[in-house]
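Examination of the molecular architecture
In case you want the letters, here they are:
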Amino acid sequence: MATRSTALPARAARPRKSAGLWSDAFGRLRKNRLALVGLGLVTLLLFTGLFGPLLAPWSYSFQDLKSVAAGGGGPLPPLAYGHLLGTDQLGRDLFSRLLDGARISVSVAFVVQLVILTIGVPIGALAGWFGGRLDNALMRFTDIIYAFPDLLFIILLTVVFRETFFGRAMDGLLIVFVAIGLTSWVTVARLVRGQLLALKETEFVEAARAIGVTDRKIVTKHLLPNGIGPIIVAVTLGIPGAILAESTLAYIGIGVQPPRASWGSLIAEGQKYVRAEPHLVLFPAIAIAVALISFTFLGDGLRDALDPKLKGKQ
Amino acid sequence: MAHSDERTSRLDAPTIVEVAPTDARRVTTPTKVGLGDRPKVDKLLSVRDLSTHFFTPDGVVQAVDDVNFELGYGETLGLVGESGCGKSVTALSIARLVPNPPGRIVSGEIVFDGIDMLRLGDDDMRQLRGKEIGFIFQDPLTSLNPTLTIGYQIGESIRQHMNLPQKAANDRVVELLSKVGIPRAKDRLNDYPHQFSGGMRQRVMIAIALSCDPKLLLADEPTTALDVTIQAQILELIQTLSQEFHTAVLLITHDLGIAAGMCDRVNVMYAGRIVETGTVDELFEQPRMPYAWGLLDSLPRLDDVRGDRLRTIEGLPPLLIQPPNACRFEPRCRFSRDICREQEPALTLRENPLHLARCWATEPDGWIA
C-alpha cells in the first residue's frame, strides 16, 4: 500500500496532452517522405504565387528588344543578357513570365476549389441529409453535369460571356475559374452525400436530435466536421486537375489574355520555336508537371494521414 | 377484419383507462398546440393507445400497439421485455424521434406535463427535447460525436435551451461534469470522447441529458453496453441525480434485476404490447402473466447447479406484421388453451388496484388461480 500511495501523485499530474485529430494527422504526414516533398513544393508554389512579382527580375510584359536585337532577332537562350531562362521572341523574360504564370496557377488552384466547395458541399449535404426525392433529383442533376463534355461547356461559357464585365474580370480569369468550377463540383458533391448518408445514421446524430439541436446545426456542426478528412483530400487532389484544365484552356487561347502569361499559353507561344529554342516549351512544361505532382503527392499523403485505416488500399 | 374485432373486444373489457385518471384528456384540441398554456395535470406523462408502426417493404410492422401507461412526477417506471418487443420504440415515440420513414406514430395520445405532444409543432417539440425531456442512449461509445469536445457537447443543450451568458453556461458545464463524477472536470472540457472510457462517456451522456433539469429522463438501456461494476455506478448515479433534480425516469431495460432495484413500477412489454403492469413488489412477488414468469424464471440464481444450462423461454416472439387476434404469447405459453388462440386477452385488473395483466389464465375466472 505504501508504495502505491507514493505512486499516486505522479499519476494525478497529467502525463501527456493527448494529441488531437490534426496534430495526429500531421504526425503521420511527417513520416511520409513523398508527402513532405509535395508539401514543400506546394509551399514554394504558394510563395511564388503570392510574392512572384516581387521576385521577378523584370515585369512580365517588359520587352527587352535591345537584347533581342543584339542576340540576332529570335528568342534568347537561357542566361543570355541577364535573362535567367532566356526570353521569347518579343524579348520578354521567361522566368518573370513563369512567375506570373505561377500566380495564375495558384489562384486557379484555390479559387476553383472554392467554387467547387460552395456548390458541391451544399448540394451533397442536401441530398445526403434529406434523402428521398430531393436526393434523387439532385443526384440525377449531378449525373447530367458529370456526363456533359467539360471542355465544350467551358468554351461555350467563355465565348458567351467574353464581352461582358464578368468575362473580363480578373484579366479574363474569373470566368475560367467559374467555368472549371461549374464542371468539376460533381466529385465533391457525391463525396459529401456519401459521407452524410453514412453519418446521419450514427447514434450521435440521434443523440443530438434528442437534445433538440436543429437540423442545420446537426449538419454543419456534427456531420460535416466528421466528413472533413475525405473532403480535404478530394480538394487537394482536385487542384492538379484544375491547374491542368486552366493550362489546357490557355493553350487553346481561352482565359488569360496577353500580355499576361499562363503556363499553358507560354507553351502555346513557345511551340513555334520548339526546334530552335526548346526551353520556351520545356520550362513551362516542367512547371506544370512539378505543380501537378506536388499537389498529388500532398493529397495522397493527406489521405493516408487523415484516414489511417485506408492506408495501403486505394 | 381481425384488427377491428380486437378493438371492440378491448372496449368491452375493463382496460387500464379505467384506472388512469383521464383529466389530461381535456387538453386535447383539434388544432396544433403550443408550449404556452399548460393545464395542470396529475401525471407528468400519460401515454394512451399509442401505436407506432413501421411501414416496411414486407408489410406494416406494428412495433408498438395500443400501449397505455402513466408516469407521475418524480416517479421511476421500468419498461422491461426482450429485444424487439417495442420498448425502445415506445421511448422514441415519446420523444417523437421515431425514424420517419419508415416509422410513424399512427394513433394515440401522449400528454407530457399538460402538453399534447403529438399535436406539437416541430419547433416546439425541439424546445421540449433536451430541455424538459432528457434522453440517455444505450451505447455511449457511439452516442457522442468524436469530432467535438466533451465541453461543447454538454454545453450544446444548455446553449440551445437556456438563455445563459457564455460564462454561466461554461460554469454549468463544469458543474454538471463534476456532478456526474468526472474528476478534474475543468481540465477535461476540451477533451474528445475517445479520451474517455465507456463508463465515463455514459456519465457524460447523463450530464447532457440532465443539463437543463428535465422533468422526464428517458433512459434506453443505459447500462447495456457497460460491464457490471460500471453498470452499478451508472445506475446509482441516475438514481441519485433523478432524486436530486426530482426528475421522472422511464427506464428501459431487459434486465429485471435493474428494474427491481431502480423502479417504483414496472411495465412488462411483449410483442408491441404491455402485458403486465404493477408495482415492483407485486410484479416480482406475484407475477400474473406466464411471460413474466418466464422472464423471472430465466434469471440465473445463486442456487443454480454449476454446469446446468440457463433456463430460457422456448421459441421466438411473433412477427409483428398482421399479428392475429390471439394472445401474442400463446405459441410460447405452457398454459395456453383454446381461448388464447381465439381472442386476445385485454389488460385487466388483478388482485391489487395497480396490478394489471393481459392473460386469460389469470383472469378471475381463469384456470390458474
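Cut-offs and rules
Residues numbered from 1 in each chain as written. Chains lettered and ligands numbered in written order. Predicted model: local features only at pLDDT ≥ 70, side-chain atom pairs only at ≥ 80, totals over all residues. Helix = DSSP H or I, 4+ residues; strand = E, 2+ residues; numbered from the N terminus. Rg over C-alpha atoms; globule rule 2.2 N^0.38 Å. Buried ≥ 20, exposed ≤ 12 C-beta atoms within 10 Å, placed from the backbone. Contact = placed C-beta atoms within 7 Å. Nonpolar A, V, L, I, M, F, W, Y, C, P; charged D, E, K, R; others polar. Core = buried A, V, L, I, M, F, W, Y, C linked by C-beta atoms within 7 Å. Pairing = 2+ DSSP bridges. Axes fitted to C-alpha atoms, helices over the stretch in contact; angles between N-to-C directions. Expected span 1.5 Å × (residues − 1). Bend = angle between axes of the 7 residues up to and from the residue. Parallel < 35°, antiparallel > 145°, perpendicular 65-115°, else oblique. Left-handed = near helix turned anticlockwise from the far one by under 90°.

**Concerning the overall build of chain A**
- When helices and strands are tallied, chain A shows 14 helices and zero strands.
- Relative to the globule expectation of 20 Å for 314 residues, the C-alpha radius of gyration of chain A, 25 Å, shows a markedly less compact shape.
- Overall size of chain A, expressed as C-alpha extent along the three principal axes, is 90 × 60 × 35 Å.
- Burial statistics for chain A: of 314 residues in total, 41% are counted as buried.

**Observations concerning the environment of phenylalanine 177 of chain A**
Residues and elements named next belong to chain A.
- Position of phenylalanine 177 among the secondary structure elements: in helix H8 (residues 165–184).
- Among the residues examined, phenylalanine 177 registers 22 C-beta atoms within 10 Å and is labelled buried.
- Each C-alpha atom, one on phenylalanine 177 and one on isoleucine 154, is 9.6 Å from the other, the two residues being 23 residues apart in sequence.
- Non-local contacts of phenylalanine 177, meaning those with residues more than four positions away in its chain, are made with Val108, Val111, Val112 and Val115.

**As for the interface of chain A and chain B**
- The partner chain B presents 22 residues to the 16 residues of chain A that form the contact.
- Counting residues per element, the ones that place at least two in the side of chain A that touches chain B are helix H10 (203–210) and helix H11 (215–226) of chain A.
- No other element matches the six residues that H10 of chain A contributes to the side of chain A that touches chain B.
- Split into classes, the residues belonging to the side of chain A that touches chain B amount to six nonpolar, seven polar and three charged.

**Remarks on the nonpolar core**
- Leu218, Leu250, Leu251 and Val268 of chain B are the most contacted members of the largest nonpolar core, which has 171 residues in total.
- In terms of residue count, the dominant contributor to this core is helix H5 (residues 94–130) of chain A (15 residues).

**Overview of the sheet that holds strand S2 (residues 59–72) of chain B**
Residue and element names in this part refer to chain B.
- Spatial strand order, S2-S1-S4-S5: four strands in an open sheet with antiparallel pairing. A strand with exactly one partner marks an edge of an open sheet, and here the two such strands are S2 and strand S5 (115–116).
- Pairing geometry for strand S1 (residues 43–56) and strand S4 (residues 103–112), over eight bridges, is antiparallel. Bridge assignment links valine 47 to a residue of S4, and that residue is isoleucine 110.
- Sheet contacts for helix H3 (residues 87–94): S1, S2 and S4; angle to S2, the most-contacted strand, approximately 70 degrees.

**Digging into helix H12 (residues 228–251) of chain A**
All names here are of chain A.
- Here H12 is 24 residues long and its end C-alpha atoms lie 34 Å apart, about the 34 Å a rise of 1.5 Å per residue gives.
- Taking the largest bend as the criterion, H12 deviates by roughly 25 degrees, centred on glycine 238, and proline proline 240 comes between one and four positions later.
- Taken from the residues just after H12, glycine 253 is the one with a positive phi, measuring 90 degrees.

**Examining the pairing of S4 of chain B**
All names here are of chain B.
- Direction of pairing for S4 relative to S5: antiparallel, over a ladder of two bridges. Note that in S5 the partner of phenylalanine 112 across the bridge is isoleucine 115.
- Between S4 and the antiparallel strand that follows it, S5, lie two residues; aspartate 113 among them carries a positive phi value of about 50 degrees.

**Notes on unusual backbone geometry**
Residues and elements named next belong to chain B.
- In this structure, aspartate 49 takes a positive phi of about 50 degrees despite not being glycine.
- Within the secondary structure, aspartate 49 is located in strand S1.
- Phi at aspartate 66 is positive, roughly 50 degrees, even though this residue is not glycine.
- Within the element layout of this structure, aspartate 66 appears in strand S2.

**Observations concerning the packing of helix H7 (residues 150–161) of chain A against H8 of chain A**
Residue and element names in this part refer to chain A.
- Between H7 and H8, the shortest axis-to-axis distance is 9 Å and the interhelical angle comes to 150 degrees. Considering the angle they form, H7 stands roughly antiparallel to H8. Every pair of crossing elements has a handedness; the one defined by H7 and H8 is right-handed. Contact residues: Asp150, Phe153, Ile154, Leu157, Thr158 and Phe161 in H7; Phe166, Gly167, Ile175, Val176, Ala179, Ile180 and Thr183 in H8.
- Here the residues of the contact of H7 with H8 sort into nine nonpolar, three polar and one charged.

**Here's the deal with the sheet that holds strand S9 (residues 265–270) of chain B**
Residues and elements named next belong to chain B.
- Taken in spatial order, the eight strands make up an open sheet running S6-S7-S8-S3-S9-S10-S12-S11, and their pairing is mixed. Taken across any chain shown, the strands that pair with only one partner, and hence form the sheet edges, are strand S6 (133–136) and strand S11 (348–349).
- In this sheet, strand S12 (residues 356–357) lies alongside S11 in antiparallel orientation, the contact comprising two bridges. Across the sheet, residue leucine 349 finds its bridge partner in S12, namely leucine 356.

**Looking at the environment of threonine 87 of chain A**
Residues and elements named next belong to chain A.
- In this fold, threonine 87 is placed in the loop between helix H4 (65–71) and H5.
- In this structure the C-alpha to C-alpha distance between threonine 87 and proline 75, which are 12 residues apart in sequence, comes to 5.4 Å.
- Beyond its immediate chain neighbours, meaning those up to four positions away, threonine 87 contacts Asp64, Val68, Pro75, Leu76, Arg92, Asp93 and Leu94.

Any link to function would need more than the numbers given here.
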